Amino acid sequence: MVSRSTPPSPKRPVGTVTRGTTNPNRLRRMDRWIAAAHGAALRRADAPVAVDLGYGAAPWTAVELLARLREAAPRVRVVGIEIEPARVAGAKPYEREGLSFRHGGFEVPLEGGERPALIRAANVLRQYDEEQVAEVWQRLCARLAPGGLLVEGTCDEIGRRHVWVALGPEGARTVTFATRLGSLERPSDLAERLPKALIHRNVPGEPVHAFLRDFDRAWAAAAPYASYGARQRWIRTARALAADWPLADGPARWRQGELTVRWEALRPAG
């Protein structure tokens, strides 16, 4: 009698299913920043692959990521990865040259063990505990190709307010605050969109709390510049902040309603 062994089942993806909420153009601010900050590295790569990790119930963000990155790096390919199989099946009709979808999670399963030049994880870690973030960051950074970039953050439902952390294989590098300036009352309004590593640290005694306090004060002091428009007021605010905080960008990005600060300055105290 010949025994028949049961074929091994595939490994279960690492992570849990998210709500899957998504909207067209929700991640445009993050995408444009990535193209500006990482476009040159993507152009230099032989076969650059970007991963949209946890793209959600609809594939819009992956479709848009491909279009925006190809303006900076025409040879880039985008792979959307989702832990929910039904979402992968629903995205398959949108596949095209340079765009594909796969079932998976934080293990970032790519064909032939390929390592991505970019992983974008937007609104994915918000449902996790703060204590889990460091492990997920480490796992994702370990999957990056040399010179690769992980961008992890949170935004509102229509992409007006967004905060993200940029990480390399060595760990966290910067935190970027981005907003539609016309809708901003004060910079600390962005606090509700802090990524999981920082959102519970917005309390007295923590660096991110001190930063947002100084951000608001600089914004208030720049009120006279509001007569020239919210953009000029934001730029003036950024210049004032740069005297006390290690900003990693300049006027070219400030004009876009962005401000990037070194991670070391906002790293949780505990």
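The structure this text deals with has already been given above.
Everything in this summary refers to the structure shown in the same document.

Rules of the game
- Residues numbered from 1 in each chain as written.
- Predicted model: local features only at pLDDT ≥ 70, side-chain atom pairs only at ≥ 80, totals over all residues.
- Heavy atoms only, no water.
- Helix = DSSP H or I, 4+ residues; strand = E, 2+ residues; numbered from the N terminus.
- Buried < 20%, exposed > 50% of the residue type's maximum accessible area, 1.4 Å probe, protein only.
- Contact = heavy atoms within 4.5 Å.
- Core = buried A, V, L, I, M, F, W, Y, C linked by side-chain atoms within 4.5 Å.
- 1 Å grid on protein atoms, 1.4 Å probe; cavity = no way out; pocket = protein on both sides within 12 Å on 5 of 7 lines; lining within 4 Å.
- Points joined across faces, edges and corners; volume = space filled by probe spheres on them.
- Nonpolar A, V, L, I, M, F, W, Y, C, P; charged D, E, K, R; others polar.
- Pairing = 2+ DSSP bridges.
- Right-handed = clockwise from strand over helix to strand, strands pointing away.

Thoughts on the side chain of Asp-156
Okay, so step 1: Position of Asp-156 relative to the elements: it lies in the loop between β5 (149-155) and β6 (161-168).
Okay, so step 2: Judged by its relative accessible area of 5%, Asp-156 falls in the buried class.
Okay, so step 3: Setting aside chain neighbours within four positions, we find Asp-156 in contact with Arg-26, Arg-161 and Arg-193.

Things to note about the nonpolar core
Okay, so step 1: Among the nonpolar cores identified, the biggest contains 52 residues, and Trp-137, Val-175, Phe-177, Phe-211, Trp-234 and Leu-259 are the most heavily contacted of them.
Okay, so step 2: The element contributing the most residues to this core is helix α6 (residues 207-221), with 7 residues.
Okay, so step 3: In contact with Trp-234, not counting residues within four places along its chain, are Phe-177, Thr-179, Leu-181, Leu-184, Leu-190, Phe-215, Trp-219, Trp-254, Gly-257, Glu-258 and Leu-259.

Quick word on unusual backbone geometry
Okay, so step 1: You will see that Asn-25, though not glycine, has its phi angle at about 70°, which is positive.
Okay, so step 2: For Asn-25, the position within the fold is in the segment before α1 (28-44).
Okay, so step 3: Even without glycine at this site, Val-108 takes up a positive phi of about 50°.
Okay, so step 4: Mapped onto the secondary structure, Val-108 falls in the loop between β3 (99-103) and β4 (118-122).
Okay, so step 5: A relative accessible area of 0% means that Val-108 is categorised as buried.

Overview of empty space enclosed by the protein
Okay, so step 1: Following the criterion strictly, the structure yields 1 cavity of 30 Å³ or more and no others.
Okay, so step 2: Volume-wise, the largest cavity comes out at about 110 Å³.
Okay, so step 3: Lining the largest cavity are 16 residues, and of these Thr-16, Gly-54, Ile-83, Gly-105 and Val-124 sit closest to its centre.
Okay, so step 4: Looking at the lining of the largest cavity residue by residue, the class counts come to 8 nonpolar, 6 polar and 2 charged.

Some points on the layout of surface pockets
Okay, so step 1: Estimated volume of the largest pocket: approximately 370 Å³.
Okay, so step 2: Around the largest pocket, the lining comprises 18 residues; the ones closest to its centre are Ala-134, Trp-137, Ala-172, Trp-263 and Arg-267.
Okay, so step 3: Contributing elements (two or more residues each) for the lining of the largest pocket: α4 (130-143), β7 (171-179) and α9 (263-266).
Okay, so step 4: Counting residues per element, the lining of the largest pocket draws most heavily on α4, which supplies 7 residues.
Okay, so step 5: Of the residues contributing to the lining of the largest pocket, the split by class is 10 nonpolar, 2 polar and 6 charged.
Okay, so step 6: Of the volumes computed, that of the second largest pocket is approximately 310 Å³.
Okay, so step 7: Lining of the second largest pocket is provided by 23 residues; of these, Thr-21, Arg-26, Ala-122, Asn-123 and Val-124 occupy positions nearest its centre.
Okay, so step 8: Of all the secondary structure elements, the ones that give two or more residues to the lining of the second largest pocket are β1 (49-53), β4 and β5.

A word on the pairing of β1
Regular strands have side chains that alternate between both faces of the sheet.
Okay, so step 1: Along β1, 5 of the 5 residues are buried, which leaves the element largely enclosed by surrounding structure.
Okay, so step 2: Along β1, one buried face is formed by Val-49, Val-51 and Leu-53 and the opposite face, lined by Ala-50 and Asp-52, is buried too.
Okay, so step 3: When β1 meets strand β2 (residues 77-82), the two strands line up parallel, connected through 5 bridges. Looking at β2, one finds that Asp-52 is bridged to Gly-80.
Okay, so step 4: In the classification by handedness, the crossover that spans β1, the intervening helix α2 (residues 60-72) and the parallel β2 is right-handed.
Okay, so step 5: Bridge analysis of β1 against β4 gives 3 bridges, and the strand direction is parallel. Its bridge partner lying in β4, Val-51 is registered against Ile-119.

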